[in-house]
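This is what each chain is made of:
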Amino acid sequence: MATILLLTTDQQKLSALQTDLGPLGYVCLHAADSKTLTRSLTKEPEIVVLDGTAFSTDSEVWQWLSTSSGTKSIPVLILAPERALQDWELNQEIDDFLIEPYRKAELVSRVRRLLRKAGKSSEGEAITRGALTVNSANYEVRVGERRVDLTYREYRLLEYLARNPGRVITRETLLNKVWGFDYFGGDRTVDVHIRRLRSKLEDAEHIFIDTVRNVGYRFREQ
């Protein structure tokens with residue numbers, strides 16, 4: 001399972017990053033300053049996502065990252081609004097940039113690209129639940145030998161449920177984790193996507209998702 005170090009002092013931004021990356025199976029470590037960095041590194045991260053508005057190129061955090069023998073070879077993704085890029089763009093130790101506000105799909109794509117660069121793209125990418133296989137490396141879903149074609153949102157919904165087997169998950173939680181905290185749609189959106197998922201995945205021999213009346217949904221233990 002790939003580990004990502006998130007460096008930011010902004011709690012809202014941290015929450016958004018964890019919401020976008022956590023359901024994909026990544027372990028998200030966090031530090032807000034150089035003092036908490038060593039305490040946060042319970043394991044060596046595969047990549048670093050750094051908030052370019054919270055830290056500068058002469059900050060202690062960046063100096064620690066670029067000089068520590070344990071982290072200086074780890075790929076770094078900088079998040080920053082366009083106006084702040086000039087402070088970072090000449091730094092040759094930066095592997096990639098993502099202009100804010102970003103789209104979740106673009107964040108995930110860039111994170112996966114850096115993981116491939118680090119040679120870690122296959123870690124924690126596949127979920128197997130009985131006959132169901134969900135492969136987040138290529139967004140491929142199979143039931144037995146049958147390949148199932150899903151939309152991106154259907155895929156994200158299935159992946160989140162499959163990562164939490166046996167757990168009852170409310171519609172509100174699914175909206176937050178899959179659609180994002182800034183989505184204003186109602187519960188019916190979740191119900192419609194669940195129906196579509198079931199029609200594509202399930203048959204008489206393969207039942208994966210249970211409805212918990214008046215609460216939400218549960219992925220069956222396989």
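No experiment lies behind these values; they were computed from the predicted model shown.

Thresholds applied
Residues numbered from 1 in each chain as written. Predicted model: local features only at pLDDT ≥ 70, side-chain atom pairs only at ≥ 80, totals over all residues. Heavy atoms only, no water. Pairing = 2+ DSSP bridges. Helix = DSSP H or I, 4+ residues; strand = E, 2+ residues; numbered from the N terminus. Axes fitted to C-alpha atoms, helices over the stretch in contact; angles between N-to-C directions. Contact = heavy atoms within 4.5 Å. Buried < 20%, exposed > 50% of the residue type's maximum accessible area, 1.4 Å probe, protein only. Salt bridge = Lys/Arg side-chain N within 4 Å of Asp/Glu carboxyl O. Phe/Tyr/Trp six-rings, centres within 6.5 Å; stacked < 30°, edge-to-face > 60°.

### Considering the sheet that holds strand 4 (residues 76–81)
- Sheet architecture is open: five strands sit in the order 2-1-3-4-5, paired in parallel fashion. Two strands bound the open sheet, and with one partner strand each, they are strand 2 (27–31) and strand 5 (96–100). The average angle at which neighbouring strand axes cross in this sheet is 20°, direction not considered.
- Where strand 3 (residues 47–51) and strand 4 come together, four bridges link them in parallel fashion. By the bridge assignment for strand 4, V49 is matched with L77.
- Of the strands in this sheet, strand 1 (3–7), strand 2, strand 3, strand 4 and strand 5 are in contact with helix 1 (residues 11–21), which crosses strand 1 at around 165°.
- Packing against the sheet, helix 4 (residues 104–117) makes contact with strand 1, strand 3, strand 4 and strand 5, and its axis sits at approximately 170° to strand 5.

### Here we look at the sheet that holds strand 12 (residues 216–219)
- On the basis of which strands lie adjacent, the open sheet formed by three strands has the order 10-12-11 and antiparallel pairing. With one partner strand each, in any of the chains shown, strand 10 (168–170) and strand 11 (209–212) form the two edges of the open sheet. Ignoring strand direction, the axes of neighbouring strands in this sheet form an average angle of 30°.
- Across four bridges, strand 11 lies against strand 12 in antiparallel orientation. Its bridge partner being in strand 12, T211 is matched across the sheet by Y217.
- Its contacts with the sheet put helix 6 (residues 171–179) on strand 10 and strand 12, and the angle it makes with strand 10 is roughly 75°.

### Structural notes on unusual backbone geometry
- With omega at -5°, the peptide bond leading from E100 into P101 counts as cis.
- Position of P101 relative to the elements: it lies in the loop between strand 5 and helix 4.
- Here N214, not a glycine, exhibits a phi torsion of approximately 65°, which is positive.
- You can call N214 exposed: its relative accessible area is 72%.

### A word on the pairing of strand 3
- Buried residues dominate strand 3, accounting for five of its five residues.
- Side chains of strand 3 alternate between two faces, with I47, V49 and D51 and V48 and L50 buried alike.
- Where strand 1 meets strand 3, four bridges bridge the pair, whose relative direction is parallel. Across the sheet, the residue bridging to L5 is V48, located in strand 3.

### As for the pattern of salt bridges
- Here the structure, examined in full by the defined rule, presents eleven salt bridges.
- One salt bridge in this structure joins D51 and K13, with 3.0 Å as the shortest N-O distance. Of this pair, D51 sits in strand 3 while K13 sits in helix 1, and the two are 38 residues apart along the sequence. The residues D51 and K13 share a single accessibility class, namely buried.
- A salt bridge links K13 to E100; the nearest nitrogen and oxygen atoms lie 3.1 Å apart. With K13 in helix 1 and E100 in strand 5, this residue pair connects regions lying 87 residues apart in the sequence. Considered together, K13 and E100 belong to a single accessibility category, that of buried residues.

### Looking at the environment of F55
- Examined against the element boundaries, F55 turns out to sit in the loop between strand 3 and helix 3 (60–67).
- Assessed through its relative accessible area of 8%, F55 is described here as buried.
- Put simply, F55 and A32 are 23 residues apart on the chain and 9.5 Å apart in space, counted from C-alpha to C-alpha.
- Apart from residues lying up to four places away in sequence, F55 is in contact with L7, T8, T9, A32, L50, V61 and W88.

### A word on the packing of aromatic side chains
- Under the defined criterion, the tally for this structure stands at one aromatic pair.
- Taking 6.0 Å as the distance between ring centres and 20° as the angle between the ring planes, the aromatic pair formed by F208 and F219 counts as stacked. In this pair, F208 is assigned in the loop between helix 7 (187–201) and strand 11 and F219 in strand 12, connecting sequence segments eleven residues apart. Accessibility classification places F208 together with F219 in one group, the buried group.

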